[in-house]
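# Structural overview
The residues making up each chain are set out below.
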Amino acid sequence: MNMFTQPRSVARAGDEKDGPSVDGMKHISPIQVAGETPVKMPTRRALAKQQTRAKVLAAARRLFSEFGYEGATIRDIAAAAGMSTGAVFANFSDKSDLFREIMASDMSSLADTMREAAGRGRGVEDCLQKMFAAGYAFYKSQLPLARAAFSVSWAPQDGPVLRSAPQVQILHDLIAEQLTLGVQRGELGQEAEIKLRTQMLFEAYLSNYPQAIFEGWSLDALQARSRDQIRILLAGARRG
Amino acid sequence: MPVDAAEPRRILARSPRRPAEAAGGRHAQKEATRTRVVDAARELFDTQGYQGTTIREIARHAGVSVGSVFTCYASKGEILSEVMEGRLAGFYAELDRVVPHLRGSTADRLRSIYAIFFAVEEPGTKLFLSHIAAAYDWTLPPGAKPYGRNERIRELLAETIAKGIAAGDVDPNADLEGFVELLIAAYAWTYQMVVTDGADAKTMSETMDRQIGLIADGFRPRAS
């Protein structure tokens with residue numbers, strides 16, 4: 001039995017993502033009435049809430065991977081997490097919110113992995129190659145989830161929301177940063193069209209996932225293809 | 001047996017006075033249902049989008065039972081695939097007519113091909129995006145052809161670039177498949193601009209033209 005487990009009315013209070021806010025509280029817990037210190041309470045409650053969220057996210061991740069985005073319902077996710085649909089809705093506004101949260105945390109880790117890989121490269125082409133290779137390796141073990149993500153990213157409603165997520169912007173920025181460094185080092189000309197090239201490099205990176213998802217391409221095959229694509233997309237910007 | 005609006009015709013087709021035509025009639029009946037379902041689905045997808053349309057609504061709009069829809073199609077994704085096949089047929093006819101007459105540099109010929117893409121698909125943009133989304137969905141049957149794995153478009157693009165080798169503006173060692181892949185990726189992204197920026201066919205064409213220029217830099221013969 002977990003010492004942080006709280007009555008549901010308490011766990012629900014304050015739905016803000018960054019933890020419960022006292023102002024937004026709709027339920028007063030018996031403990032609070034008893035006068036527990038205001039510092040300790042939110043921490044306990046935040047922990048309980050965090051655990052609930054983690055449980056829902058883990059179940060959602062499993063179901064999205066198994067049945068796809070369309071195929072997994074909130075009801076199924078709640079059942080898999082061992083809680084009511086109400087408890088799920090207390091933490092997430094809807095299925096797309098749940099999915100975005102999973103993608104956001106994955107993409108943050110992905111960005112860290114890619115940044116670190118780019119740091120090990122020499123020259124703009126090598127840095128981009130290492131960066132993309134790290135991305136493929138990151139998702140290789142969770143291709144079904146990647147497949148669900150692609151499905152969502154193309155949907156007319158949810159797609160633009162997912163694609164404009166700050167975490168996606170970070171991936172764009174990482175690519176743009178490498179191109180800018182390439183210009184500064186004199187590898188690429190001043191007219192490198194960084195914005196358009198960044199977009200094209202990112203789309204080229206994504207375009208190889210279907211080969212991995214549907215054709216079972218190996219990491220080596222993905223890397224080889226992506227190396228060629230990077231070379232092609234940089235060709236016009238090269239100096240001399 | 002489900003009773004639906006198409007029932008009287010099915011009974012007619014099985015009329016004992018015309019036994020020889022019974023089997024053919026049943027086949028024709030199924031074809032008629034398919035046509036009605038696809039026509040109804042096309043209209044609903046265009047007006048309320050793919051995600052917002054249910055099989056039940058398609059059945060009602062087509063005047064058939066939900067059961068009859070499922071005897072023809074396994075899923076909504078399969079109906080979408082069929083709707084898109086119909087759209088693409090007209091598109092291919094247009095390409096076959098125009099492509100042999102294209103002149104100019106390889107990049108310009110590719111630009112002309114994509115200008116046709118955008119012009120033909122502009123009215124059904126959202127449906128096209130749903131079509132791409134469905135390619136990753138679990139409901140799509142193995143036989144359906146999602147975007148990007150369409151052999152005919154890939155061949156056409158590869159041929160267009162290959163022609164440039166003979167004309168001298170494409171490197172003879174160019175990896176054609178790799179270039180086709182890049183073009184498809186660039187095109188698909190450009191299509192997203194419709195939903196993200198409300199771009200029209202002209203804006204998309206201009207963006208695509210710049211991207212083709214950038215890709216063409218990559219297949220230009222190396223000066224040695």
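Residues numbered from 1 in each chain as written. Chains lettered and ligands numbered in written order. Predicted model: local features only at pLDDT ≥ 70, side-chain atom pairs only at ≥ 80, totals over all residues. Heavy atoms only, no water.

## So, the domain arrangement of chain A
Residues and elements named next belong to chain A. Our working definition: Domain ranges listed in this record stem from an automatic or a database domain assignment. The contact criterion used throughout is that any non-hydrogen atoms of two residues lie within 4.5 Å. Summed over both partners, buried area is the accessible surface (1.4 Å probe) that two parts give up on being assembled.
Domains assigned within chain A are domain 1 (41-92) and domain 2 (95-235). Here the C-alpha centre of domain 2 lies 28 Å away from the C-alpha centre of domain 1. Every contact between the two is made by 14 residues of domain 1 and, on the other side, 15 residues of domain 2. For the pair domain 1 and domain 2, the two sides together bury roughly 1300 Å², of which 67% comes from carbon and sulfur. Considering only the surface of domain 1 that becomes buried against domain 2, Arg-61, Phe-64 and Tyr-69 emerge as the three largest contributors, covering 51% of it.

## Topic: unusual backbone geometry
Residues and elements named next belong to chain A. Just so we agree on the cut-off: Secondary structure is summarised from DSSP: a helix means a run of H or I of at least four residues, a strand means a run of E of at least two, and numbering begins at the N terminus for each. Burial classes follow relative accessibility: with a 1.4 Å probe on protein chains only, a residue under 20% of its type's maximum area counts as buried, one over 50% as exposed, and anything between as partly exposed.
The phi angle at Glu-193 is positive, at roughly 45 degrees, despite the residue not being glycine. Here Glu-193 shows up in the loop between α10 (166-184) and α11 (194-207). Residue classification places Glu-193 among the partly exposed positions, given a relative accessible area of 35%.

## A word on the interface of chain A and chain B
The test is simple: The rule for a salt bridge is simple: a side-chain nitrogen of Lys or Arg has to be within 4 Å of a carboxyl oxygen of Asp or Glu. Each polar contact in these results corresponds to two N or O atoms within 3.5 Å; when the atoms are within protein, one needs to be able to donate a hydrogen and the other to accept it, and residues that are neighboring in sequence are counted only if both atoms are side-chain atoms.
The interface of chain A with chain B comprises 37 residues on the first partner and 30 residues on the second. Carbon and sulfur atoms make up 65% of the surface buried where chain A meets chain B, a total of about 3100 Å² over both sides. Summed over the three residues of chain A that lose the most area to chain B, namely Trp-154, Pro-156 and Ile-232 of chain A, the buried surface amounts to 24% of that side. Here chain A is connected to chain B by three salt bridges. Where chain A meets chain B, there are four residue pairs in polar contact (both at pLDDT 80 or more). Among the secondary structure elements, those contributing two or more residues to the side of chain A that touches chain B are α3 (40-71), α8 (143-154), α9 (158-163), α11, α12 (209-215) and α13 (219-235) of chain A.

## Considerations on helix α3 (residues 55-62) of chain B
Residue and element names in this part refer to chain B. Applicable threshold: Arc definition: it is the arc formed by the directions from the helix axis to the C-beta atoms.
All of the buried residues along α3 are Ile-55, Ile-58, Ala-59 and Ala-62. All buried residues of α3 fall inside an arc of 100 degrees around its axis, so they share one side. Residues of α3 that are exposed and point over 90 degrees away from its buried face: Arg-56 and Arg-60. Phi turns positive one or two residues past the end of α3, at Gly-63, with a value near 70 degrees.

## As for the side chain of Thr-190 of chain B
Residues and elements named next belong to chain B. Relative to the assigned elements, Thr-190 resides in helix α9 (residues 176-197). In terms of polar contacts, Thr-190 uses its side chain to reach the backbone carbonyl oxygen of Ala-186, at 2.7 Å. At 2.7 Å, the side chain of Thr-190 forms a polar contact with the side chain of Gln-211. Those residues in contact with Thr-190 that sit more than four places away from it in its chain are Phe-118, Met-204, Thr-207, Met-208 and Gln-211.

## Some thoughts on the pattern of salt bridges
All told, the structure shown has 21 salt bridges over all chains when counted by the stated rule. Where Glu-181 of chain B meets Arg-225 of chain A, a salt bridge forms, and the shortest distance between an N and an O atom there is 3.7 Å. Placement of Glu-181 of chain B in helix α9 and of Arg-225 of chain A in helix α13 is noted, with the two residues assigned to different chains. For the residue pair Glu-181 of chain B and Arg-225 of chain A, the accessibility class agrees, reading buried in each case. The salt bridge partner of Arg-220 of chain B is Asp-217 of chain B, with a shortest N-O separation of 2.7 Å. Classification of Arg-220 of chain B as partly exposed rests on a relative accessible area of 43%. Taking relative accessible area as the criterion, Asp-217 of chain B reaches 23% and is therefore assigned partly exposed. Residues participating in the shared-partner salt-bridge network are Arg-225 of chain A together with Arg-154, Glu-177 and Glu-181 of chain B.

## A word on helix α6 (residues 106-121) of chain B
The following threshold applies: Multiplying 1.5 Å by the helix residue count minus one yields the expected span of that helix.
Over its 16 residues, α6 of chain B runs 23 Å from end to end, which matches the ideal 22 Å to within 8%, given 1.5 Å per residue. Every buried residue of α6 of chain B is listed here: Thr-106, Ala-107, Arg-109, Leu-110, Ile-113, Tyr-114, Ile-116, Phe-117, Phe-118 and Glu-121 of chain B.

## What to know about empty space enclosed by the protein
Left-over empty space is what a probe sized like a water molecule reveals as it rolls over the atoms. All names here are of chain A. This is how the line gets drawn: Only protein atoms enter the 1 Å grid used here, on which a cavity is any set of points holding a 1.4 Å probe that cannot leave and a pocket is any open set flanked by protein within 12 Å on both sides along at least five of seven lines; residues with an atom within 4 Å of a point are listed as lining. Grid points are joined across faces, edges and corners, and a volume is the space filled by probe spheres set on the points.
Tallied over the entire structure, the rule returns five cavities of 30 Å³ or more. Volume-wise, the largest cavity comes out at about 280 Å³. Lining the largest cavity are 16 residues, and of these Met-103, Met-107, Ala-149, Phe-202 and Leu-206 lie nearest its centre. Elements with a contribution of two residues or more to the lining of the largest cavity: α6 (95-119), α8, α9, α10 and α11.

## Regarding the domain arrangement of chain B
Residues and elements named next belong to chain B. For clarity, the threshold we go by: Polar here means any residue other than Ala, Val, Leu, Ile, Met, Phe, Trp, Tyr, Cys and Pro, which are nonpolar, and Asp, Glu, Lys and Arg, which are charged; Gly is therefore polar.
Each domain of chain B was delimited in the assignment, giving domain 1 (1-73) and domain 2 (76-224). Counting residues at the interface gives 15 residues for domain 1, matched by eleven residues for domain 2. Around 1200 Å² of area is buried between domain 1 and domain 2 when both sides are counted, 66% of it from carbon and sulfur atoms. In this structure, Arg-34 engages Glu-82 in a salt bridge whose closest nitrogen and oxygen atoms are separated by 3.5 Å. Summed over the shared surface of domain 1 and domain 2, the result is six residue pairs in polar contact (both at pLDDT 80 or more). When residues of the side of domain 1 that touches domain 2 are traced back to their parent elements, those giving at least two are α2 (22-48), α3 and α4 (66-72). In terms of residues, the side of domain 1 that touches domain 2 owes the most to one element, α2, which gives seven residues. Looking at the side of domain 1 that touches domain 2 residue by residue, the classes come out as ten nonpolar, two polar and three charged.

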